[in-house]
2 protein chains.
Amino acid sequence: MVDKTSGVPMHRQVATDLRGRITAGEYAPGDKLPSERAMIETYGVSRLTIREALGLLRAEGIVVTEHGRGVFVRPPTSIQRLSRSRLSRVARAEDKGAFLADAASKGFTPSSSVRVWFEPADARTSGHLRIQSGEEVTVRDRVMRADGLVVQLAISRLPRKFTCGTAIEQVDTGPGGTYARLEDAGHAIGDFVEHVGARMPTPGEASTLQLDQGIPVITVMRVAYREDGTPLEMNNMVLPANRYELSYEWPAE
Amino acid sequence: MVDKTSGVPMHRQVATDLRGRITAGEYAPGDKLPSERAMIETYGVSRLTIREALGLLRAEGIVVTEHGRGVFVRPPTSIQRLSRSRLSRVARAEDKGAFLADAASKGFTPSSSVRVWFEPADARTSGHLRIQSGEEVTVRDRVMRADGLVVQLAISRLPRKFTCGTAIEQVDTGPGGTYARLEDAGHAIGDFVEHVGARMPTPGEASTLQLDQGIPVITVMRVAYREDGTPLEMNNMVLPANRYELSYEWPAE
DNA sequence: TAGTGGTCTAGACCACCTG
DNA sequence: AGGTGGTCTAGACCACTAC
């Protein structure tokens, strides 16, 4: 039962109570919570109030609702660790690309869909790639899956002058992927820079990545530089935050 | 007006319409949207339906509601970039610590509150620091502010055997911060590893960081290793995702 | 068929902000 | 004082899932 006179909104009281029972283990991961109509009796409030409380818990990512089935404590999802070694030259030499290399090493069956096209660089692209605005860039838009589940979106842009006549302009870039083809063409990679952020997904991303409410996405913008400092590629990645963790390591110098 | 027969829930139709008008620039950042009661007339639906639509946009982080004032298009927040150079030995030698160094270089007035205590290592801590479970660790819990606004939470744990008799066990660690004191004590830092993730904030974090709805937090777990590979410190940081971006760079090797 | 969550209405009162 | 969002009720019907 809730206290209608405490000043604390009733739906918050309900949410706090449920959250406490979940963290205390009364409802374990995967367990079904009582139905909304049962909670109406339990707490003595209207159904909307119950639904508002559940909305808070959903937004926190600790419960999921399934239409026709019930409300469940979200089970922990296994986290993939992506470490910067995924970009090592050794890995490239042996494999088809960063994502496929990574997934295969972890026992997943990876697959990806690729679309390739060309377009003039917009302001943001030209800034990061240090080319003229409007200069033609090669765009590779990829959707990566592990065991059929979409786990990563990535869209790469490269100045077309570096990809002309290479397999980078094909759907299948061949062994070692884009970076291997760049090196074949005489553009040895010198440095990588990654900018990492997080935000809530757009509706499109949420449906493509099959994201539940309350799950943010990690955004990574990676720029690959040639040994002379020329930007070769800008890669914008979107990862579901409940399935990924990024790892970086470096010497203290 | 919405189409009540299309099968698409009305609150989604309203949300899609508003989202379109916002991205089209009809409502600019900072602009006030029409009041909920005005939208009831515009769309011909009940107030709850309007509020559900606004709830979707809030969860996406594109609008904010202010009690008694209205609903506003969220203005873009300026992003702080944290790069790994913040941990350079040079910066340590000149300054009070990573955060203060960083904030000062960007024109903010930084401040921080620190609490220090000692406790036995739990399973997770002992695993990362490679010590016996229950061994005593020094805990430094910090709340960092820039111009009075809380911008970062950080909680560090170090095996106490490395901090005994150093200023690390004091609130003020002195010039260069924790890492400088470790080096003074003969523990030269060899490597850093950071694990980066994102999630929705807990209610406590949301209020401490004054986070609006729809803003995730970036989590960083940093482990500092001595030159011989011994873990010296585990630092768990929580950053508001709308104010921070992390940058990493490394040679292609 | 029965139970679940999903959507929606009409109306009410409260808390907060601005004039 | 008047407008705004915040909370809450009672009731209804729909869509999905299970048995």
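Refer to the structure printed above.
Figured I'd write up the structure that's included with this text. Just so we're clear, the structure is a prediction, and the values are computed from it rather than from any experiment.

How each quantity is defined
Throughout, a residue's number is its position along its own chain's written sequence, starting from 1. Whichever chain is written first is A, and whichever ligand is written first is 1; the rest continue in order. The predicted nature of this model means local features are confined to residues of pLDDT at least 70 and side-chain atom pairs, given and counted, to a pLDDT of 80 or more, with totals for whole chains, interfaces and linings taken over all residues. Based on all heavy atoms of the structure, the side-chain values leave hydrogens and waters out of the count. If a single non-hydrogen atom of a residue is within 4 Å of a molecule or strand, that residue counts as near it. The term polar contact refers here to a pair of N or O atoms within 3.5 Å; inside protein, the definition further demands a hydrogen-donor-capable atom paired with an acceptor-capable atom, and it admits residues adjacent in sequence only when both atoms are side-chain atoms. Under the scheme used here, helices are H or I runs from DSSP no shorter than 4 residues and strands are E runs no shorter than 2 residues, and both carry numbers assigned from the N terminus. We call Asp, Glu, Lys and Arg charged. Ala, Val, Leu, Ile, Met, Phe, Trp, Tyr, Cys and Pro are nonpolar, and the rest, Gly among them, are polar. Each residue gets one of three labels from its accessible area relative to the maximum for its type: buried under 20%, exposed over 50%, partly exposed in between, using a 1.4 Å probe on protein chains only. Comment: arc refers to directions from the helix axis out to C-beta atoms. Residue contacts are defined here by distance: any two heavy atoms, one from each residue, within 4.5 Å place the two residues in contact. Should DSSP find at least two bridges between two strands, the strands are taken to pair. Lines fitted to C-alpha atoms define the axes, with helix axes restricted to the stretch in contact, and inter-axis angles between N-to-C directions lie between 0 and 180 degrees.

### Topic: the protein's contact with DNA strand D
Thought 1: Met10(A), His11(A), Ser46(A), Thr49(A) and Arg47(B) are the nearest of the 25 residues found near DNA strand D.
Thought 2: Taking all atoms of DNA strand D within 4 Å of the protein, the share assigned to sugar and phosphate is 65%.
Thought 3: For DNA strand D, a base nitrogen lies 2.7 Å from a polar atom in the side chain of Arg47(B).
Thought 4: The side chain of His67(B) places a nitrogen or oxygen atom 3.1 Å from a base nitrogen of DNA strand D.
Thought 5: Ranked by the residues each element gives to the surface near DNA strand D, the list is headed by helix H3 (residues 47-59) of chain A, at three residues.
Thought 6: Looking at the surface near DNA strand D residue by residue, the class counts come to five nonpolar, ten polar and ten charged.

### Here we look at helix H2 (residues 36-43) of chain A
All names here are of chain A.
Thought 1: When we look at burial in H2, the residues that qualify are Glu-36, Met-39 and Tyr-43. Burial along H2 is one-sided: seen end-on, the buried residues are contained in an arc of 50°. In H2, the exposed positions that point more than 90 degrees away from the buried face belong to Arg-37 and Glu-41.
Thought 2: Buried residues belonging to H2 abut helix H1 (10-23) and H3.
Thought 3: Within two residues after H2, Gly-44 carries a phi angle of roughly 70°, on the positive side.

### As for the sheet that holds strand E5 (residues 136-146) of chain A
Thought 1: Read from one edge to the other, the open sheet built from eight strands follows the order E4(A)-E5(A)-E6(A)-E9(A)-E8(A)-E7(A)-E10(B)-E3(B), with strand pairing classed as mixed. The sheet is open, and its two edges are formed by strand E4 (110-120) of chain A together with strand E3 (80-83) of chain B, each paired on a single side. The sheet shows a mean angle of 20° between the axes of neighbouring strands, taken without regard to direction.
Thought 2: Of the pairings in the sheet, the one linking E3(B) to strand E10 (residues 244-251) of chain B comprises four bridges and is parallel in character. Looking across to E10(B), one finds that Arg81(B) is bridged to Glu245(B).
Thought 3: Packing of helix H8 (residues 177-184) of chain A onto the sheet brings it into contact with E5, strand E6 (149-159), strand E7 (189-199), strand E8 (217-226) and strand E9 (231-240) of chain A, and relative to E7(A) it is tilted by some 155°.

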